[in-house]
Amino acid sequence: SGLEAAEKIRSAVEAQRFPHAESQPDGRLTISLGVAAFPGDGAEARELIHKADQALYAAKRAGRNQVSGA
């Protein structure tokens, strides 16, 4: 699923050592991802992007470094 794929990406980024990571919050580089799926979350590109964007901001509000679905 899209959520599983996004979690694999998030986990890989968290585990990777990056130059200058110590200058990031908490001394490491992490990502948050928002996932939306066709057609359940929208039949049009604009709607899917909007739903994924909403899910991304929900992940950030929930504490960052996580995946959220629409």
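One can find the structure itself at the top, above this paragraph.
Keep in mind that what you see is a predicted model, and the values were worked out from it rather than measured.

1. So, the overall build of the chain
For step 1, the next point in the chain: Scanning the chain for helices and strands turns up two helices and two strands.
For step 2, the next point in the chain: Each principal axis of the C-alpha distribution contributes one length, and for the chain these read about 40 × 20 × 15 Å.
For step 3, the next point in the chain: Every one of the 70 residues in the chain was classed for burial, and the buried ones make up 21%.
For step 4, the next point in the chain: Long-range contacts, defined here as pairs at least 24 residues apart, represent 49% of the contacts in the chain between residues at least 6 apart.
For step 5, the next point in the chain: A total accessible area of about 5,100 Å² is found for the chain, and carbon and sulfur atoms account for 53% of it.
For step 6, the next point in the chain: For the chain, the separation between the mean place of its 9 positive charges and that of its 9 negative charges on side chains is 4 Å.

2. Let's talk about the side chain of Ser32
For step 1, the next point in the chain: Take Ser32: it is sitting in the loop between helix H1 (2–15) and strand E1 (33–35).
For step 2, the next point in the chain: Polar contacts involving the side chain of Ser32 include one to the main-chain amide nitrogen of Asn65, which spans 2.9 Å.
For step 3, the next point in the chain: Beyond its immediate stretch of four places on either side in the chain, Ser32 contacts Leu56, Ala59, Lys60, Arg64, Asn65 and Gln66.

3. Focus on the side chain of Asn65
For step 1, the next point in the chain: Residue position: Asn65 is located in the loop between helix H2 (45–61) and strand E2 (67–69).
For step 2, the next point in the chain: According to the relative accessible area criterion, Asn65 is buried, its value standing at 16%.
For step 3, the next point in the chain: Setting aside residues up to four positions removed in sequence, Asn65 forms contacts with Arg10, Glu14, Arg28, Thr30, Ile31 and Ser32.

4. Re the pattern of salt bridges
For step 1, the next point in the chain: A full pass over the atoms with the stated rule returns three salt bridges.
For step 2, the next point in the chain: Close ionic contact of Arg28 with Glu14 constitutes a salt bridge, the shortest N to O distance being 2.6 Å. Here the residue Arg28 occupies a position in the loop between H1 and E1, and Glu14 occupies one in helix H1, the gap between them amounting to 14 residues.
For step 3, the next point in the chain: Here the salt bridges do not stand alone but share partners, grouping Glu7, Arg10, Glu14 and Arg28 into one network.

5. So, the layout of surface pockets
For step 1, the next point in the chain: Size it by volume and the largest pocket reaches roughly 250 Å³.
For step 2, the next point in the chain: In this structure, the largest pocket is lined by 13 residues; those nearest its centre are Pro25, Thr30, Ile31, Arg64 and Asn65.
For step 3, the next point in the chain: The residue makeup of the lining of the largest pocket, split by class, is four nonpolar, five polar and four charged.

Basis of the calculations
Residues numbered from 1 in each chain as written. Predicted model: local features only at pLDDT ≥ 70, side-chain atom pairs only at ≥ 80, totals over all residues. Heavy atoms only, no water. Helix = DSSP H or I, 4+ residues; strand = E, 2+ residues; numbered from the N terminus. Buried < 20%, exposed > 50% of the residue type's maximum accessible area, 1.4 Å probe, protein only. Contact = heavy atoms within 4.5 Å. Areas by Shrake-Rupley, 256 points an atom, 1.4 Å probe, with all protein chains shown as cover. Lys, Arg positive; Asp, Glu negative; His and termini not counted. Charge placed at Lys NZ, Arg CZ, Asp CG, Glu CD. Polar contact = N/O pair within 3.5 Å; in protein donor to acceptor, adjacent residues only side chain to side chain. Salt bridge = Lys/Arg side-chain N within 4 Å of Asp/Glu carboxyl O. 1 Å grid on protein atoms, 1.4 Å probe; cavity = no way out; pocket = protein on both sides within 12 Å on 5 of 7 lines; lining within 4 Å. Points joined across faces, edges and corners; volume = space filled by probe spheres on them. Nonpolar A, V, L, I, M, F, W, Y, C, P; charged D, E, K, R; others polar.

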